[in-house]
Amino acid sequence: MSAAKRRRGTAVAAGVMGVALFATACGSSTDTASTTSPAATSTASATGDCAAFSDYMGNSGTVSIFASILAPESDKYIQSWKKFEDCTGIKISYEGSNDFESQLPVRIQGGTAPDLAFIPQPGLLQKMVATGKAVAAPDAVAKNVDENWNEAWKGYGSVDGTFYSAPMSSNMKSFVWYSPTAFKAAGYTVPTTWDDLMKLSDTIAKAGKGKPWCGGIASGTATGWPATDWLEQLVIRESGPEAYDKWISHEIKFNSPEITKSMDTLAGWMKNPAWVNGGFGDVKSIATTTFQNAGQPILKGQCWMLQQASFYANQFPAGTKIAEDGDIFAFYLPEIGDAFGKPVVGGGEFVTAFSDRPEVKAVQTYISSVPWINEKIKLKDWVSANKGADINLYANPIDKLSATFLTDPSATFRFDASDLMPAAVGSGALWKQMTAWFAEDKPTADVLAGVDDAWPAS
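We now turn to the structure provided with this report. Quick caveat, the model's predicted, so the values are computed rather than measured.

1. Details of the state of the cysteines
Item 1. Counted according to the given criterion, the structure contains two disulfides.
Item 2. The side chain of Cys 50 participates in a disulfide bridge whose partner is Cys 87; the two sulfur atoms lie 2.0 Å from each other. Between Cys 50 and Cys 87, the S-S torsion sits near -75 degrees, and that sign places the bridge as left-handed. In this pair, Cys 50 sits in the segment before strand E1 (61-67) while Cys 87 sits in helix H2 (residues 82-88), placing the two residues 37 residues apart along the sequence. For the pair formed by Cys 50 and Cys 87, the shared burial category is buried.
Item 3. Each sulfur in the disulfide pair Cys 214 and Cys 303 lies 2.1 Å from the other. Of this pair, Cys 214 sits in the loop between strand E8 (211-213) and helix H9 (225-248) while Cys 303 sits in strand E9 (residues 303-307), placing them 89 residues apart in sequence. This pair shows no difference in class: Cys 214 is buried, exactly as Cys 303 is.
Item 4. What connects to what in the protein chain, once the bonded cysteines are numbered by sequence position, is 1-2, 3-4.

The following block contains the structure:
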């Protein structure tokens, strides 16, 4: 997914914002009732510690941001731009919602669009651009992206040749979370092949001390998205990147042999009653367990592994040691055979504007800059595929490992497939059908046919 799914140098490379960026205002700023960010106390002069923000000064007002990122993860975002607020006098009002995907279109259609939104699905971005309310990114943002991101990322933030959304956070989705201390005590080793992973799962199940796997796909109106991630991991591993791309564009349909094969593999893995759902119940409990809670039984010895993205590090309780010899760590979900290299599936958020007021452009440009990326990295448990960021700032090995995978030119990288599909499918029918697959044991053929039927005619 998506943030419902939730997710490297230090010169102001992005700050090349000319005076023209702030030349005209197109409306007054609007506050919201859900402000979580503290108000800036003053507009400082461009001296001392505030000199780095000189290009953003000369503006005031409130800029609203709407996203799917919730506390405690959102607290670090608010902290990351506090100095920007204090130095520029621009106040940032942040609101997170577990119903972001459904509420953003409602707000836009109702005339209450946020100034900025962190959109996790390019498919949803296309839908928002179609409303005519999204604003093309300013030149300063485009410059930052051209300098510091793989060209493909800019394409994900563009619609019909117009660049709207700068990539921001990134996440490495091809991880399996586990407990190194528990593995060591049990004499288990991290599997490096798919066959070894399946053999380990069977060994754990037969040992009778907790289930090998736990999982949860509940996420408010975004329920179902983790299941789409599991399917994507299998499609690229079993059928390869070319088939994966054709699947995204519907050249390969959901009821094709390729996708059916991966659904069957997924059924043998995450719908295996002997293997799931440790700490929660039977296979059907996966549909009612929130993705935030899904991995917690690993710490209790009730389950051993969870397939989830790098951003899941934020869900473990404070004090959890996340390290190669710690309470929790992650390993790469092994490839299935060696025909397609080392597949890596990732995702991320894109910053989209629905206003072109000068203060909105200032915030939009700052968030696209390397200095802000570095500032956010310092706050831990966050990753960006920005090539200009300082990789040595990553404080924990999971983040550093994720950044290494995401910027590795030799990896077979693909963006989250459901996030690239039309919103009616990727954040609609696919989520619902995969939820029914777990909750109701809906037949695979019916699930896949249901998604195909939802594909837009044009």
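2. Re the packing of aromatic side chains
We describe a pair of aromatic rings using the distance from one ring centre to the other and the angle between the two ring planes.
Item 1. Taken as a whole, this structure holds 38 aromatic pairs when the rule is applied.
Item 2. Consider the rings of Tyr 94 and Phe 118, whose centres lie 6.5 Å apart with planes at 45 degrees: the pair is tilted. Taken together, the residues span a long stretch of sequence, with Tyr 94 in strand E2 (residues 90-96) and Phe 118 in strand E3 (residues 116-119) at a distance of 24 residues. Taken as a pair, Tyr 94 and Phe 118 share a single burial class, namely buried.
Item 3. On the numbers, 5.9 Å between centres and 80 degrees between planes, the contact of Phe 183 with Tyr 188 is edge-to-face.
Item 4. Accessibility expressed as a relative area gives 2% for Phe 183, which makes it buried.
Item 5. What makes Tyr 188 buried here is its relative accessible area of 16%.
Item 6. Within the aromatic cluster, the residues linked to one another by ring pairs are Tyr 77, Trp 81, Tyr 94, Phe 118, Trp 372 and Trp 382.
Item 7. Above the ring of Phe 163, the side-chain terminus of Lys 154 is found at 5.2 Å from the ring centroid.

3. Some points on the pairing of E1
Item 1. Counting buried positions along E1 yields six of seven residues, so the element is predominantly enclosed.
Item 2. Examined bridge by bridge, E1 and E2 share seven bridges and lie parallel to one another. Paired with Gly 61 across the strands is Ile 90, a residue of E2.
Item 3. Note: E1 against E3, two bridges, orientation parallel.

4. Side note on the packing of H9 against helix H15 (residues 423-439)
Item 1. Two elements in contact, H9 and H15, have axes whose closest approach is 8 Å; the angle formed by their N-to-C orientations is 90 degrees. What the angle tells us is that H9 and H15 run roughly perpendicular. Residues Trp 225, Ala 227, Thr 228 and Trp 230 of H9 lie in contact with H15, whose contacting residues are Leu 430, Trp 431, Met 434 and Phe 438.
Item 2. Tallied by class, the residues present in the contact of H9 with H15 amount to seven nonpolar, one polar and no charged.

Cut-offs used in this document
Residues numbered from 1 in each chain as written. Predicted model: local features only at pLDDT ≥ 70, side-chain atom pairs only at ≥ 80, totals over all residues. Heavy atoms only, no water. Disulfide = S-S within 2.5 Å. Helix = DSSP H or I, 4+ residues; strand = E, 2+ residues; numbered from the N terminus. Buried < 20%, exposed > 50% of the residue type's maximum accessible area, 1.4 Å probe, protein only. Phe/Tyr/Trp six-rings, centres within 6.5 Å; stacked < 30°, edge-to-face > 60°. Lys NZ or Arg CZ within 6 Å of the ring centre and 35° of its normal. Pairing = 2+ DSSP bridges. Axes fitted to C-alpha atoms, helices over the stretch in contact; angles between N-to-C directions. Parallel < 35°, antiparallel > 145°, perpendicular 65-115°, else oblique. Contact = heavy atoms within 4.5 Å. Nonpolar A, V, L, I, M, F, W, Y, C, P; charged D, E, K, R; others polar.

Coordinates in, geometry out; function isn't part of it.
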